[in-house]
Amino acid sequence: MKRKKTLIILLILLLVAIAAIFIEKAINRHIDTINTIDEEVFAIDADDLSQVTIEYNNKTLTFSYSDDTWTYDDNTDFPIDQDYMSDLIAHFESVHASFIIEDVEDYGQYGLSSPEATLTFTTSDGDKEISFGSFSTMDEKRYICVDGGNVYLIDEDILEYVTSDIDEYLDRDEVYDYSQITSLKVTGDGEANVVYDPDGSYTYTDDYDYYYVEGSDYQPVSEDAITSFISSLSSMDLTQYVSYTVNDSILADYGLNNPTLTVEVTGEVPSDDEDAEDGAVESKTQTIYFTLDEDEDLAYVYFDGSAIVYAITSDEYNELAEVSYATLRPEEVVSIDWTNVSQMSVTIDGKKTVIDVDASGDGNKYTIDGEEVDFVTVTSKIDSLTLTEVGEDYDASDEELTFAITLNDEDATSIRVTLYQYDGDSCVVDVDGKTVGLCSRSSMSTLREEITSAILNKGKTDEDNSEGE
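In this report, the structure presented in the accompanying data block is examined.

The rules we used
- Residues numbered from 1 in each chain as written.
- Predicted model: local features only at pLDDT ≥ 70, side-chain atom pairs only at ≥ 80, totals over all residues.
- Heavy atoms only, no water.
- Helix = DSSP H or I, 4+ residues; strand = E, 2+ residues; numbered from the N terminus.
- Rg over C-alpha atoms; globule rule 2.2 N^0.38 Å.
- Buried < 20%, exposed > 50% of the residue type's maximum accessible area, 1.4 Å probe, protein only.
- Contact = heavy atoms within 4.5 Å.
- Areas by Shrake-Rupley, 256 points an atom, 1.4 Å probe, with all protein chains shown as cover.
- Polar contact = N/O pair within 3.5 Å; in protein donor to acceptor, adjacent residues only side chain to side chain.
- Pairing = 2+ DSSP bridges.
- Core = buried A, V, L, I, M, F, W, Y, C linked by side-chain atoms within 4.5 Å.
- Arc of directions from axis to C-beta.
- Disulfide = S-S within 2.5 Å.
- Axes fitted to C-alpha atoms, helices over the stretch in contact; angles between N-to-C directions.
- Expected span 1.5 Å × (residues − 1).

Right, let's get into the overall build of the protein chain. The number of helices and strands found in the protein chain is 9 helices and 27 strands. Relative to the compact-globule value of 23 Å for 469 residues, the protein chain shows a C-alpha radius of gyration of 38 Å, a clear excess of over 25%. Dimensions of the protein chain, computed from C-alpha atoms along their principal axes, come out at roughly 130 × 70 × 50 Å. Taken over 469 residues, the protein chain has a buried fraction of 38%. The contacts in the protein chain between residues at least 6 apart in sequence include a share of 59% that link residues at least 24 apart. In the form shown here, the protein chain has an accessible surface area of approximately 26400 Å², with 42% of it arising from carbon and sulfur atoms.

Here is the structure:
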């Protein structure tokens, strides 16, 4: 009896297994054909396009092309970045695949029954459609479907170049990539009037190419400081915009009819003339207007001739508005070509010492009353004397150190620097009778000590000095 029951149970299990096999075969009665390929499976000619539709992230964007210009169908006033569109389309001009899946019945297993994205390219010959599915589990390549037919595995996931965020298509302004800045003018909260004049002879040295102009007065400017300012200008975050249909009324709404800061940059950029020679440049000027809105803790920006008003942070605005002669002046107190020096003098505690300089040999020879003196370290300390703060309004007290340098030129040009006591940390710096700022008191003290030591050891050889030690 027990044996009979066992046979019945085994028979039932066998029938279940057979039924399962038949069910599985019924489900999988269709097997997709998969083959390896290496060929172009989708191609478009950008010149033939009249429309592109993007369905992605539950959004649909449609762009139309007419008269060599792309426009956004939902708002033709929206300024489309033509280069951005061209770059996007370029990724679809030739799409290659490594696998083809034919005779597809279940597109769902490839994520294509509800595609992640679908792009439709319209030409006079009709539409071409490419849909994007999921990734293969084996090699993480993306499935695509072309015109609702075969499924492919593509080598490069070109969907990463597609977005449904319309803001990404905005033709944002940008500061030109100047190869050479020729002038910089800033008015309003900031102030600058800088010109590029590498052949100018406004100072005792030819180390400077940029000058800050006030009337007929030309003061040298640091090229690095100019570069830094332009870099800050170029790196403004212009992702937030408040209007792309600028008119006088909108400019007034954001206070840009009466800007708090205006920046005008002129410089050389690569020529856009198709007939120009390679490397040719042309001069272009950009004028940018800013208005600070302290209540909103931001500022509005408008490029002259643009259609867009942007919003940037007040920090970005303040960084630009800080520009002045003080931020642009070179840090070094003086810039001396020591091979072009004929004489120096130093005054400490009212006592003046004259040092003659002979630059005819291999390195300068310094002498006091005919006795050689080691002034190499002194000149190095003068070179490293820098301003910690730039300005004119400092109350100087006692004179700490004065040095004058006479150049070996036709006019025997002389540069005179006087350092006055200011406080425990700083000295007031006076160059040719004009206060220019503060320097470190410790730097002044080190320079003074080096000068005193060199004078005390005049006429001594290196051997004499080592014996004294």
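Picking up where we left off.
Here we come to the environment of Ser 314. Relative to the assigned elements, Ser 314 resides in helix H5 (residues 314–321). C-alpha separation for the pair Ser 314 and Glu 296, spaced 18 residues apart in sequence, amounts to 8.8 Å. Contacts of Ser 314, omitting those with residues within four sequence positions, involve Leu 292, Asp 297 and Leu 298. Side-chain polar atoms of Ser 314 contact the side chain of Asp 297, separated by 2.5 Å.

This next bit is on the pairing of strand E9 (residues 151–154). Burial along E9 is two-sided: the residues Val 151 and Leu 153 and Tyr 152 and Ile 154 are all buried. Examined bridge by bridge, strand E5 (residues 95–102) and E9 share 4 bridges and lie antiparallel to one another. Bridge pairing in E9 links Ile 100 to Tyr 152. With 4 bridges joining them, strand E8 (residues 142–146) and E9 adopt antiparallel strand pairing. Across the sheet, residue Ile 144 finds its bridge partner in E9, namely Tyr 152. Counting the residues between successive antiparallel strands, the hairpin from E8 to E9 contains 4 residues, one of them, Asp 147, with a positive phi of roughly 50°.

Our next topic: the nonpolar core. Formed by 70 residues in total, the largest nonpolar core has its most connected members in Phe 63, Phe 92, Phe 132 and Phe 290. Residues contacting Phe 92, with those up to four places away along its chain left out, are Phe 42, Ala 43, Ile 44, Leu 119, Phe 121, Ile 130, Phe 132, Ile 158 and Val 162. Membership of the second largest hydrophobic core comes to 34 residues, among which are Ile 355, Phe 375, Val 417 and Ala 454.

Topologically, Val 354 is positioned in strand E20 (residues 351–358). Residue Val 354 is classed as partly exposed on the basis of its relative accessible area of 36%. In sequence terms Val 354 and Asp 369 are 15 residues apart; their C-alpha atoms lie 8.2 Å from each other. Those residues within four positions of Val 354 in sequence are excluded, and the remaining contacts are Gln 343, Met 344, Ser 345, Thr 367 and Ile 368.

Bringing helix H7 (residues 376–383) into the picture now. Listed as buried for H7 are Val 378, Thr 379 and Ile 382. Buried positions in H7, seen along its axis, are confined to an arc of 95° and lie on one side of it.

Applying the stated criterion across every chain, the model contains 0 disulfides. There is no disulfide at Cys 427, and the cysteine sulfur nearest it, in Cys 439, is 4.9 Å away. For Cys 427, a relative accessible area of 0% puts it in the buried group.

Attention shifts here to the sheet that holds strand E6 (residues 117–123). In space, the 9 strands of this open sheet follow the order E1-E5-E9-E8-E7-E6-E2-E3-E4, with antiparallel pairing throughout. The sheet is open, and its two edges are formed by strand E1 (33–42) and strand E4 (69–72), each paired on a single side. Put simply, the sheet's adjacent strands are angled 25° from each other on average, direction ignored. In this structure, strand E2 (residues 49–56) lies alongside E6, joined through 7 bridges in antiparallel fashion. Within the sheet, the bridge partner assigned to Val 52 lies in E6 and is Phe 121. Together, E2, strand E3 (59–66) and E4 form the strand contacts of helix H2 (residues 82–90), whose direction differs from that of E4 by roughly 95°.

Of the pairings in the sheet, the one linking E1 to E5 comprises 7 bridges and is antiparallel in character. Bridged to Thr 36 within E5 is Phe 99.

Attention now moves to helix H8 (residues 441–456). When the terminal C-alpha atoms of H8 are compared, their 22 Å separation across 16 residues agrees well with the 22 Å that a helix rising 1.5 Å per residue should span. Within the span of H8, buried status applies to Met 444, Leu 447, Ile 451 and Ala 454. Here the buried residues of H8 occupy an arc of 100° about the axis, which is enough to place them on one side. Set apart from the buried face of H8 by more than 90 degrees, the exposed residues are Glu 449 and Leu 456.

By themselves, these figures tell us nothing about what the structure is for.
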